Amino acid sequence: MQLYDSKLAPNPRRVRMFMAEKGIDCDTVQVDIIQGENLSDDFLAINPRGVLPTLVLDDGTVLDESVAICRYFEELEPQPPLMGTDPVSKAQVEARQRHMEFDGLMGAAEAFRNAFPGFANRGLAGNAGTVDAVPALVERGRNTVVRFYERLNEALAESEFVAGDAFTIADITALCTIDFAAGAARVPIPDGCENVKRWHAAVSARPSAAA
Ligand SMILES: N[C@@H](CCC(=O)N[C@@H](CS)C(=O)NCC(=O)O)C(=O)O
């Protein structure tokens, strides 16, 4: 099993963190997105979509999409459960994980992608052809992230973790989103979002956060 990974990117980090929580290890291959290695013929022969993370199983099966890869690991190694434990909690975790992606990660990606000079003609991730960046999307993406922080702050007033009282994949997506938003997209956790700050400190202290 081999994980095609990219150290600085948020989606591969989600999978690394998920694996670390479960104590799963595998060979990794670093692919430099900034230099466009993900668009090389060699990588497109593995994943024609040109995105990371990409997991290649021993029988040659190729899995992409972070959550699909996590689902595979959840089935392979159910403990500790990170995607819910019964019909209701599984649905709730999935909903919260999607909220973190749509409310936060997409806005942060939009803000970063459309501002970063190296992506001036790579406005969409992966093998999407030549797509110009749209500068107006930087502001829109940043505003989306601010709304995400505010909503998350309200949710974390009610529960210890993003999807309730257990640490799940929704926390992993939220942490990777926030660290990417605060760093690459330059939208740190605003003052006033004290619940988010408390949660962020706690989740960042988990050993898996260093994965
Ligand atoms: N929905 C996909 C998104 C994958 C994705 O966009 N990954 C980014 C890295 S965070 C990527 O490969 N970018 C390549 C590029 O920017 O060309 C997933 O969750 O795996």
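Draft legend 1. Structural detail: the overall build of the protein. Per the secondary structure count, the protein includes seven helices and four strands. From first element to last, N terminus to C terminus, the protein shows the α and β order β-α-β-α-β-β-α-α-α-α-α. Here the C-alpha radius of gyration of the protein, 17 Å, is about what a compact globule of 211 residues would show, namely 17 Å. Taking the principal axes of the C-alpha coordinates as reference, the protein spans close to 50 × 45 × 30 Å. Counting across all 211 residues of the protein, residues that qualify as buried make up 46%.

Draft legend 2. A look at the side chain of Arg113. Here Arg113 is to be found in helix H4 (residues 87–113). No salt bridge is formed by the buried Arg113; its nearest oppositely charged neighbour, Glu110, is found at 10 Å.

Draft legend 3. Structural view of the site of the ligand. Taken together, 16 residues are adjacent to the ligand, and Asn38, Leu52, Glu65, Ser66 and Arg113 come closest. Arg14 has a polar side-chain atom sitting 3.2 Å from an oxygen atom of the ligand. Within the backbone of Gly126, a nitrogen or oxygen atom sits 2.9 Å from an oxygen atom of the ligand. Taken by itself the ligand offers 520 Å² of open surface, and the protein chains cover 85% of this. Its residues assigned to classes, the shell around the ligand shows eight nonpolar, four polar and four charged. Among the domains, domain 1 (2–76) and domain 2 (87–210) are the pair contributing at least three residues each to the shell around the ligand.

Draft legend 4. The arrangement of helix H5 (residues 136–158) in detail. Look at H5: 35 Å from first C-alpha to last across 23 residues, which is about the 33 Å you get at 1.5 Å a residue. Within H5, the full set of buried residues consists of Val138, Gly141, Thr144, Val145, Phe148, Tyr149, Leu152, Asn153 and Leu156. Buried residues belonging to H5 abut H4, helix H6 (169–182) and helix H7 (194–204).

Draft legend 5. A look at the pattern of salt bridges. For the structure on display, the rule yields twelve salt bridges. For Arg98, the salt bridge identified is with Glu101, shortest N-O distance 3.3 Å. Here Arg98 pairs with Glu101, and both are found in helix H4, just three residues apart, close to one helical turn.

Draft legend 6. Region of the structure containing the nonpolar core. With 53 residues, the main nonpolar core has Tyr149 and Trp199 as its most contacted residues. Elements represented by at least two residues in this core include exactly strand S1 (2–5), helix H1 (10–22), strand S3 (54–56), helix H3 (66–76), H4, H5, H6 and H7. Residue contributions to this core peak at nine residues, all from H6. Shared between two domains, this core takes at least three residues from each, and those domains are domain 1 (2–76) and domain 2 (87–210).

Draft legend 7. The sheet that holds strand S4 (residues 62–64), seen in detail. If you trace the four strands from one edge of the open sheet to the other, you get S2-S1-S3-S4, paired in mixed fashion. Pairing within the sheet leaves two strands with one partner each, and these edge strands are strand S2 (27–30) and S4. Ignoring which end each strand starts from, the neighbouring axes of this sheet average 20° apart. On the sheet, H3 packs against S3 and S4 and is oriented at approximately 120° with respect to S4.

Criteria and thresholds
The numbers attached to residues start from 1 for each chain and follow its sequence in the written order. The predicted nature of this model means local features are confined to residues of pLDDT at least 70 and side-chain atom pairs, given and counted, to a pLDDT of 80 or more, with totals for whole chains, interfaces and linings taken over all residues. Hydrogens are left out, water is left out, and the side-chain values use all remaining heavy atoms of the structure. Only runs of H or I of at least four residues qualify as helices and only runs of E of at least two qualify as strands under DSSP, and these elements are numbered from the N terminus. Atoms counted for the radius of gyration: C-alpha only. Globule rule: 2.2 Å times residue count to the power 0.38. Here's how the labels work: a residue is buried when its accessible area is under 20% of the maximum for its type, exposed when over 50%, partly exposed in between, all with a 1.4 Å probe on protein chains only. Charged residues are defined here as Lys and Arg on the positive side and Asp and Glu on the negative side; His and the ends of the chain fall outside this count. Any Lys or Arg side-chain nitrogen found within 4 Å of a carboxyl oxygen on Asp or Glu counts as a salt bridge. Nearness of a residue to a molecule or strand requires only that one of the residue's heavy atoms be within 4 Å of it. Polar contact criterion, stated in full: a pair of N or O atoms within 3.5 Å, where within protein one must be able to donate a hydrogen and the other to accept it, and residues adjacent in sequence count only if both atoms are side-chain atoms. Computed with a 1.4 Å probe, the accessible areas rest on the Shrake-Rupley method; for each residue, only the protein chains presented here act as cover. For this scheme, ten residues count as nonpolar: Ala, Val, Leu, Ile, Met, Phe, Trp, Tyr, Cys and Pro. Four count as charged, namely Asp, Glu, Lys and Arg, and the remainder, Gly too, count as polar. Just so you know, the domain bounds were taken from an automatic or database domain assignment. Helix span, expected: 1.5 Å multiplied by one less than the number of residues in the helix. Should any heavy atoms of two residues lie within 4.5 Å, those residues are considered in contact. Buried Ala, Val, Leu, Ile, Met, Phe, Trp, Tyr and Cys residues form a nonpolar core when they are joined through side-chain atoms within 4.5 Å. Here the rule is simple: two strands pair whenever DSSP picks up at least two bridges between them. Geometry is summarised by axes, namely lines fitted to C-alpha atoms with helices restricted to the contacting stretch, and by angles between N-to-C directions that run from 0 to 180 degrees.

All we've got here are geometric facts, nothing functional implied.
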